[in-house]
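Chain residues, written in single-letter form:
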Amino acid sequence: MTVVARPGRFARDLRDWRTRRRFSQLDLAIRADTTQRHLSFLEQGRSRPGRAIVVRLAESLELPLRERNELLLAAGYAPVYAESSLDAPELGPVREALDRILEGHMPYPAVVVRPYGELVAANPAFGVLAEGAAPALLEPPVNVLRLALHPDGMARRVENLAEWGRHITGSLRDQGRRGPDPRLAELVDELDGYLPDVESPEDHLGFAVPLRLRAPEGELRLITTLTSFATAVDVTLSELRLEAFLPADETTAAILRGRS
């Protein structure tokens, strides 16, 4: 009599992640320093994974730290990566470093955000982005994505809202394709509802889609950079993103310097 094991949560999650990453079993086995046969047994629920192989598979799949912990839990192991509160003493040096970066980026806007656009910190130049927004959108916790695209937020001042906004939602969709996230999908649907249709592609700098923002002094043209803690081993720290706005022309730079 042959007994076929019913795949458990770990087996299903492993197979789902491998499929999303578009790896064959052989590809993932080589990456994780195991055999295709062993990986096949794991995906069928015929073998119980050891803790070390779960960690190697999660790393090979390039999962975010939160999802690595989830894969460990699915396999019956305790999480490896801590999740500290932002105000925890051990993250004190990180907070100080972020404050220095935000201050050093003046007179240009910069923000630190958590997943789903939650604002953690901003420098004083953030005011050029938020000015004129409805008070409700500026009540903590501020969602910078909603602030950017909501009709009562920055959207009323953005000259290229359709193009710039769909660049934002497109990036969020790319992020969602890397892993199931109903909350992110719901946010993207909301943000899409704020955007007009794109009639025709606009000319831009060629290397980035600029934000063209009306201000009392004239039009600001800004490009953004995103920075993350690539070597973080704490879930909270790994999910922080620093978004820094840079002037795309000298007129914008002069206006922002004048404001400071």
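As the structure is a prediction and not an experimental result, all values here were calculated from the model.

Among the secondary structure elements, Leu-187 is positioned in helix α10 (residues 182-192). A residue is classified by how much of its surface remains accessible, and Leu-187, at 7% relative accessible area, is buried. Once the C-alpha coordinates of Leu-187 and Arg-156 are considered, the two residues, 31 residues apart in sequence, prove to be 20 Å apart. Residues in contact with Leu-187, not counting those within four places in the same chain, are Tyr-116, Leu-145 and Arg-146.

This part is about helix α3 (residues 36-44). Helical geometry note: an α-helix holds 3.6 residues per turn, so side chains three or four residues apart project in the same direction. All of the buried residues in α3 are Leu-39, Ser-40, Phe-41, Leu-42 and Glu-43. Elements in contact with the buried residues of α3: α1 (9-20), α2 (25-31) and α4 (51-60).

Let us look at the packing of aromatic side chains. With the rule as written, the count across this model stands at zero aromatic pairs. The ring centre of Phe-41 lies 4.1 Å from the NZ or CZ of Arg-46, which sits over that ring.

Across the protein, the average pLDDT comes to 91, with 93% of residues at or above 70. The weakest mean pLDDT in the protein belongs to helix α9 (residues 161-177) at 91; the strongest belongs to strand β1 (residues 110-113) at 98. Taken as a whole, residues 1-6 scores under 50 in pLDDT and shows two contacts with residues more than four places along the chain or in a different chain.

Now for unusual backbone geometry. Between Met-106 and the following residue, Pro-107, the backbone shows a cis peptide bond with an omega angle of 15 degrees. Here Pro-107 lies in the loop between α6 (92-104) and β1. At Arg-22, a position not held by glycine, the phi torsion is positive, near 60 degrees. Mapped onto the elements of the fold, Arg-22 is located in the loop between α1 and α2. Classification of Arg-22 as exposed rests on a relative accessible area of 76%. The phi dihedral of Asp-33 is positive, around 60 degrees, even though this residue is not glycine. Structurally, Asp-33 can be placed in the loop between α2 and α3.

The strand order across the open sheet built from five strands is β2-β1-β5-β4-β3, with neighbouring strands paired in antiparallel fashion. The open sheet has two edge strands with one neighbour each: β2 (119-122) and β3 (211-215). Each adjacent strand pair in this sheet contributes to an overall mean axis angle of 30 degrees, direction not counted. Relative to strand β4 (residues 218-228), β3 runs antiparallel, the two sharing five bridges. The residue bridging Ala-215 from the neighbouring strand is Gly-218, located in β4.

The rules we used
Residues numbered from 1 in each chain as written. Predicted model: local features only at pLDDT ≥ 70, side-chain atom pairs only at ≥ 80, totals over all residues. Heavy atoms only, no water. Helix = DSSP H or I, 4+ residues; strand = E, 2+ residues; numbered from the N terminus. Buried < 20%, exposed > 50% of the residue type's maximum accessible area, 1.4 Å probe, protein only. Contact = heavy atoms within 4.5 Å. Phe/Tyr/Trp six-rings, centres within 6.5 Å; stacked < 30°, edge-to-face > 60°. Lys NZ or Arg CZ within 6 Å of the ring centre and 35° of its normal. pLDDT = per-residue confidence, 0-100. Pairing = 2+ DSSP bridges. Axes fitted to C-alpha atoms, helices over the stretch in contact; angles between N-to-C directions.

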